[in-house]
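A closer look at the structure
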Amino acid sequence: KQEREQGIQSVASGWAASDPVAARAWFDQIDDEKIKGSVVQGLARALASSAPLDAISLVDQHLKGENANNAKRSILSVWAESNPSEAALHLEENQTLTGGRYSFVYNQIARSWGQKDPEAAMEWAKQLTSSQTRNMAMSGVLSNLDLDEADKISDLLANIGNHQERKNAISSFVMTNA
C-alpha cells in the first residue's frame, strides 16, 4: 500500500512538472482524501515553477499548520529562483507564511534576487519593517556581493541591527568569498 502511494506521488510530481494544468485537473477529480493528502505537496512543488499562485492555492485548500508552511516555503524558494521580485511581493502582501520561524525565506528570496539585481534586492530588504526579516534579507543580499564592493557591504552591514545576526552575516560572507 505504501509503495502504491509513493508511486502515485512520483507519477503526480512528474506529470505536474511536464503538464501542470492536466495534473491539477486530475488531482481535482480524485475522491480519495488519503491519496490527495499524499500527493498534494509534490504536486504543489512541481507547480511552483510554472504556476506558483496555483501551487499556493492548492496548499491553502488541502494542507494546514506546519505542513502548509513547509509546502509554501518550498514554493516560495522555487518561485524566487525564477522571479524573486514577485515571490517577495507575494510574501509581503499575503502573509503567506505564519509563525516567526520562517524568516530565512526572506534570506532565500534576497539571495536569489541579489543574483539577478542586487540593487533592487537591497532596496527591498531595507524597506522590510520586521528587524528579523530585514536582517535575514540583508544577509541574503550580502552573500552575492564581491569583496571589491566595500560601499555596498558597509551599507548592508549597517542595516543589520542585531549584533549576532551581523556577525553571522559577516561570517557567511567571509566563508563565501574565502
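Residues numbered from 1 in each chain as written. Predicted model: local features only at pLDDT ≥ 70, side-chain atom pairs only at ≥ 80, totals over all residues. Heavy atoms only, no water.

**Looking at the overall build of the protein**
Summing up its helical and strand segments, the protein has eleven helices and zero strands in all. Taking the principal axes of the C-alpha coordinates as reference, the protein spans close to 55 × 30 × 30 Å. The proportion of buried residues among the 178 residues of the protein is 43%. A fraction of 55% describes how many contacts in the protein between residues 6 or more apart in sequence connect residues 24 or more apart. Accessible surface, the protein: about 9500 Å² in total, of which carbon and sulfur atoms supply 48%. Charge separation in the protein, taken as the distance between the mean sites of 17 positive and 23 negative side-chain charges, equals 7 Å. (Helix = DSSP H or I, 4+ residues; strand = E, 2+ residues; numbered from the N terminus. Buried < 20%, exposed > 50% of the residue type's maximum accessible area, 1.4 Å probe, protein only. Contact = heavy atoms within 4.5 Å. Areas by Shrake-Rupley, 256 points an atom, 1.4 Å probe, with all protein chains shown as cover. Lys, Arg positive; Asp, Glu negative; His and termini not counted. Charge placed at Lys NZ, Arg CZ, Asp CG, Glu CD.)

**Overview of the packing of aromatic side chains**
Applying the stated rule across the entire model yields three aromatic pairs. Geometrically, the ring pair formed by Y106 and W124 is stacked, given 6.0 Å between the ring centres and 10 degrees between the ring planes. Of this pair, Y106 sits in helix α7 (residues 104-116) while W124 is found in helix α8 (residues 118-127), placing the two residues 18 residues apart along the sequence. The residues Y106 and W124 share a single accessibility class, namely buried. An angle of 40 degrees between the planes, with centres 5.5 Å apart, marks the rings of W113 and W124 as tilted. (Phe/Tyr/Trp six-rings, centres within 6.5 Å; stacked < 30°, edge-to-face > 60°.)

**Digging into the nonpolar core**
Membership of the largest hydrophobic core comes to 50 residues, with the highest contact counts inside it found for I109, W124 and L142. Ranked by residues supplied to this core, first place goes to helix α3 (residues 33-47) with seven residues. Excluding residues within four positions of it along the chain, L142 makes contact with I153, L156, L157, A169, I170 and F173. (Core = buried A, V, L, I, M, F, W, Y, C linked by side-chain atoms within 4.5 Å.)

**Focus on the confidence of the model for the protein**
For the protein, the average pLDDT comes to 83, and 96% of its residues sit at 70 or higher. Across the protein, the secondary-structure element scoring lowest on mean pLDDT is helix α11 (residues 163-177), at 78, and the one scoring highest is helix α4 (residues 52-62), at 91. (pLDDT = per-residue confidence, 0-100.)

**Thoughts on the packing of helix α1 (residues 2-18) against α3**
At a minimum axis separation of 8 Å, α1 and α3 run at an interaxial angle of 35 degrees. The two elements α1 and α3 cross, and the hand of that crossing is right-handed. Contacts from R4, E5, I8, Q9, A12, S13, A16 and A17 in α1 reach K34, I35, S38, V39, G42, L43 and A46 in α3. The residue makeup of the contact of α1 with α3, split by class, is eight nonpolar, four polar and three charged. (Axes fitted to C-alpha atoms, helices over the stretch in contact; angles between N-to-C directions. Left-handed = near helix turned anticlockwise from the far one by under 90°. Nonpolar A, V, L, I, M, F, W, Y, C, P; charged D, E, K, R; others polar.)

**Section: the side chain of N107**
For N107, the position within the fold is in helix α7. The contacts of N107, once residues within four sequence positions are left out, are M136, A137, S139 and G140.

**A few points about the pattern of salt bridges**
Counting across every chain of the model gives four salt bridges. In this structure, D28 and R24 form a salt bridge, with 3.1 Å as the shortest nitrogen-oxygen distance. Highlighted residues: D28 and R24, both in helix α2 (residues 20-29), separated by four residues, approximately one helical turn. The partly exposed category is assigned to D28, whose relative accessible area is 42%. A salt bridge links K72 to D60; the shortest N-O distance between them is 2.6 Å. Here K72, found in helix α5 (residues 65-82), pairs with D60, found in helix α4; they are twelve residues apart in sequence, far enough to count as distant. In this structure K72 comes out as buried when scored by relative accessible area, which is 10%. According to the relative accessible area criterion, D60 is partly exposed, its value standing at 40%. (Salt bridge = Lys/Arg side-chain N within 4 Å of Asp/Glu carboxyl O.)

**Things to note about the environment of V21**
Along the chain, V21 turns up in helix α2. Sequence spacing of V21 and L47 is 26 residues, and the spatial spacing of their C-alpha atoms is 8.8 Å.

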